[in-house]
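Breakdown of the fold
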Amino acid sequence: MRLRAAQAEPRAKYQAVAARLGRACRVYIARAGGVPVAALILLVHGEHAFYWRGYSDKERAAPSRANDLLHRLAIERAVQEGCRFYDMGESGGVSSLIAFKERLGATPRRHPQYTFDARSAGRLKAARR
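As for its placement among the helices and strands, Ser 91 is situated in the loop between strand S4 (85–87) and helix H5 (95–103). Here Lys 101 takes part through its side chain, which lies 3.0 Å from a polar atom of the side chain of Ser 91. Setting aside residues up to four positions removed in sequence, Ser 91 forms contacts with Leu 97, Ile 98 and Lys 101.

Attention now goes to unusual backbone geometry. Most peptide bonds take the trans form, and the phi angle of most residues other than glycine is negative. Positive phi outside glycine occurs at Arg 65, with the angle close to 55°. Note on placement: Arg 65 falls in the loop between helix H3 (58–61) and helix H4 (66–80).

With that out of the way, let us pick up the sheet that holds strand S3 (residues 48–56). Here 4 strands make up an open sheet; going across it, the order is S1-S2-S3-S4 and the pairing mixed. Edge strands, defined here as strands with exactly one partner in the open sheet, are strand S1 (25–32) and S4. Each adjacent strand pair in this sheet contributes to an overall mean axis angle of 25°, direction not counted. Two strands pair when backbone bridges link them, and S1 and strand S2 (residues 35–45) are joined in this way by 8 bridges, in the antiparallel orientation. The partner of Cys 25 across the bridge, within S2, is Leu 43. On top of the sheet, helix H2 (residues 11–21) reaches S1, S2 and S3; it is set at about 150° to S3, its chief contact. Packed onto the sheet, H4 meets S1, S2, S3 and S4 and runs at close to 30° relative to S2.

Conventions and cut-offs
Residues numbered from 1 in each chain as written. Predicted model: local features only at pLDDT ≥ 70, side-chain atom pairs only at ≥ 80, totals over all residues. Heavy atoms only, no water. Helix = DSSP H or I, 4+ residues; strand = E, 2+ residues; numbered from the N terminus. Polar contact = N/O pair within 3.5 Å; in protein donor to acceptor, adjacent residues only side chain to side chain. Contact = heavy atoms within 4.5 Å. Pairing = 2+ DSSP bridges. Axes fitted to C-alpha atoms, helices over the stretch in contact; angles between N-to-C directions.

Here it is in structure tokens:
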């Protein structure tokens, strides 16, 4: 399972995002007994903060509500820095995810989303040349 995850989300991808965005890429990590139990990556631009990726060891993170704490800290800092929007991403109709977001005060918003497959991306590159 780790191999599949590493192929889908290679470490180099995260390193490239952090290097390119600098301070606009924020990483929050919660530890219990010195062991990381939850993390989130927030991307910030202007008035917008985007929750990009997150991870938690549910068994270890749940008792302390580490995910809630990380989002609270990320939201508070974003507000202090002038952000008006905190985008938690698509819920995909998953009721537990929707409930988690609502518990933090989120309200659903609809917005356009664009995706490109590899062939489309190749055609775009060729058209730019």
